[in-house]
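Architecture at a glance
So the chains spell out like this:
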Amino acid sequence: MAAPADHHDPNALPAPCFRLGRFLPLAVIAAISVTVIAMGWHKELSLSALVDRRAAVEAFTAEHRIAALALFASVYALVVALSIPGAAVLTVFGGIIFGTGAGGLAALVGATAGATVIFLIAKSALGGWLVGRAGPHVEKLAAGFCADAFSYLLFLRLVPLFPFWLVNLVPALVGVRLRTFVAATALGIIPGTFAFAFFGAGLDSAIKAQAAAYRACLAAGTAGCRLHFDPMAAATPQLIAGLVALGLLALVPIAVKRFKAARSAA
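Residues numbered from 1 in each chain as written. Predicted model: local features only at pLDDT ≥ 70, side-chain atom pairs only at ≥ 80, totals over all residues. Heavy atoms only, no water.

Along the polypeptide, T185 turns up in helix 11 (residues 178-188). Judged by its relative accessible area of 1%, T185 falls in the buried class. Apart from residues lying up to four places away in sequence, T185 is in contact with T112, A115 and R157. (Helix = DSSP H or I, 4+ residues; strand = E, 2+ residues; numbered from the N terminus. Buried < 20%, exposed > 50% of the residue type's maximum accessible area, 1.4 Å probe, protein only. Contact = heavy atoms within 4.5 Å.)

This part covers helix 9 (residues 149-158). With eight of ten residues buried, helix 9 lies mostly within the body of the structure. Every buried residue belonging to helix 9 is among A149, S151, L153, L154, F155, L156, R157 and L158, and all of these are buried.

Turning our eyes to something else, we now look at the packing of aromatic side chains. For the structure shown, the criterion picks out five aromatic pairs. Pairing F119 with F181 gives two aromatic rings, centres 4.1 Å apart and planes at 10°, and the pair type is stacked. Note that F119 is positioned in helix 6 (residues 100-126) and F181 in helix 11, a separation of 62 residues in sequence. As far as burial versus exposure is concerned, F119 and F181 are alike and both buried. Put simply, the rings of F72, Y76 and F98 touch in pairs and so form one group of aromatic residues. Its guanidinium or amino end placed over the ring of F164, R157 lies 4.3 Å from that ring's centre, counting from NZ or CZ. (Phe/Tyr/Trp six-rings, centres within 6.5 Å; stacked < 30°, edge-to-face > 60°. Lys NZ or Arg CZ within 6 Å of the ring centre and 35° of its normal.)

With that out of the way, let us pick up the packing of helix 5 (residues 87-98) against helix 6. Contact geometry for helix 5 and helix 6: axes closest at 7 Å, N-to-C directions at 145°. Every pair of crossing elements has a handedness; the one defined by helix 5 and helix 6 is right-handed. In this structure, helix 5 uses T91, G94, G95 and F98 to contact helix 6, whose residues at the interface are T100, A102, G103 and A107. In terms of residue class, the contact of helix 5 with helix 6 is made up of three nonpolar, five polar and no charged. (Axes fitted to C-alpha atoms, helices over the stretch in contact; angles between N-to-C directions. Left-handed = near helix turned anticlockwise from the far one by under 90°. Nonpolar A, V, L, I, M, F, W, Y, C, P; charged D, E, K, R; others polar.)

Its location among the elements puts L90 in helix 5. For L90, the contacting residues outside a window of four places in its chain are L45, L50, F72, V75, Y76 and V79.

What follows deals with the pattern of salt bridges. Under the counting rule described, the total for this entry stands at two salt bridges. Ionic pairing is found between R53 and E44, a salt bridge with its closest N-O pair at 2.7 Å. On the basis of relative accessible area, E44 is assigned to the partly exposed category, the value being 41%. Here R54 and E58 are joined by a salt bridge, their closest N and O atoms 2.8 Å apart. You can see R54 and its partner E58 sitting in helix 3 (residues 54-63), four residues apart, about one turn around the helix. Owing to a relative accessible area of 7%, R54 belongs among the buried residues under this scheme. (Salt bridge = Lys/Arg side-chain N within 4 Å of Asp/Glu carboxyl O.)

In this section: the nonpolar core. Formed by 48 residues in total, the largest nonpolar core has its most connected members in F72, Y76, L90 and L153. For this core, the secondary structure elements donating two or more residues are helix 1 (20-39), helix 2 (47-52), helix 4 (65-81), helix 5, helix 6, helix 9, helix 10 (164-174) and helix 11. With eleven residues, helix 6 is the largest single contributor of residues to this core. Residues contacting Y76, with those up to four places away along its chain left out, are A87, L90, T91, A107, G110 and A111. (Core = buried A, V, L, I, M, F, W, Y, C linked by side-chain atoms within 4.5 Å.)

There is a patch of nonpolar side chains on the surface, built from L246, L249, V252 and V256 and spanning about 320 Å² of accessible area. Elements with a contribution of two residues or more to the nonpolar patch: helix 14 (237-250) and helix 15 (252-265). By the element assignment, L249 lies in helix 14. Overall, the relative accessible area of 56% leaves L249 in the exposed class. (Patch = residues over 30% accessible without salt bridge, like charges linked within 9 Å, V, L, I, M, F, W, Y side chains within 5 Å. Areas by Shrake-Rupley, 256 points an atom, 1.4 Å probe, with all protein chains shown as cover.)

Considering the arrangement of structural elements, one finds T91 in helix 5. In this structure the side chain of T91 is engaged in a polar contact, spanning 2.6 Å, whose partner is the side chain of Y76. For T91, the residues in contact, after removing those within four places along its chain, are Y76, A107, T193, F196 and A197. (Polar contact = N/O pair within 3.5 Å; in protein donor to acceptor, adjacent residues only side chain to side chain.)

The interhelical angle for the contact between helix 4 and helix 5, taken along N-to-C directions, is 170°, at an axis separation of 10 Å. As summarised for this structure, helix 4 and helix 5 are arranged roughly antiparallel, according to the angle between their axes. Together, R65, A68, L69, F72, V75, Y76 and V79 of helix 4 and A87, L90, T91, G94 and F98 of helix 5 make up the contact between the two elements. Along the lines of polarity and charge, the residues of the contact of helix 4 with helix 5 split into nine nonpolar, two polar and one charged. (Parallel < 35°, antiparallel > 145°, perpendicular 65-115°, else oblique.)

Next comes the structure, spelled out in structure tokens:
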């Protein structure tokens, strides 16, 4: 008895193939991130730890300002690429050391660079593979996201309700283009980044007063000494409301497109 013919559609796309070698860079990033958090090294990004080093940082910055800004942006990029908690604190500290303009710009460059690195690694490792395995419904959702990727990403970046690391990964998995990702990320994080840097620049005198009390507490050997400043205090209700409004504005082109499509179909 002859075996049934294998009917193969020559126009069908090949099934996505998973290669272990492509997954390795993402696995290395994940391993480093888990190690840093497990060892508690990310706690060095607390405001207290950074203020302890303020004198050394300011001395270096006074002599090598450009190098200091480049180093700050590089550290920021590494923190973002590894998805380590502390980016908000770094932005505030950048405002303290460099001022609103330079500190905000360096944080913006570092955040965009770090996000781009993890985006490219995730896209190389898993881009298309998970969507292809998930089925037609997920493929349809991915296609819809990519069709208006810039507006969706701009919304996700502007509205501070979504984890930064998650917004770095999802676009990579659904096939968003690199230039779209970079443009939406850089534009979307501008308001929040400069708001935190501005907050840091305004904390200068207050931190100096708190730092004196903090060092006195340490000298006395008292347990639990820390600076009483919460960097997230920069996320005021007014700022959040403004970012949400900007985020909704970013979705207007999608709403208009859907409205026109509905009218054309009617």
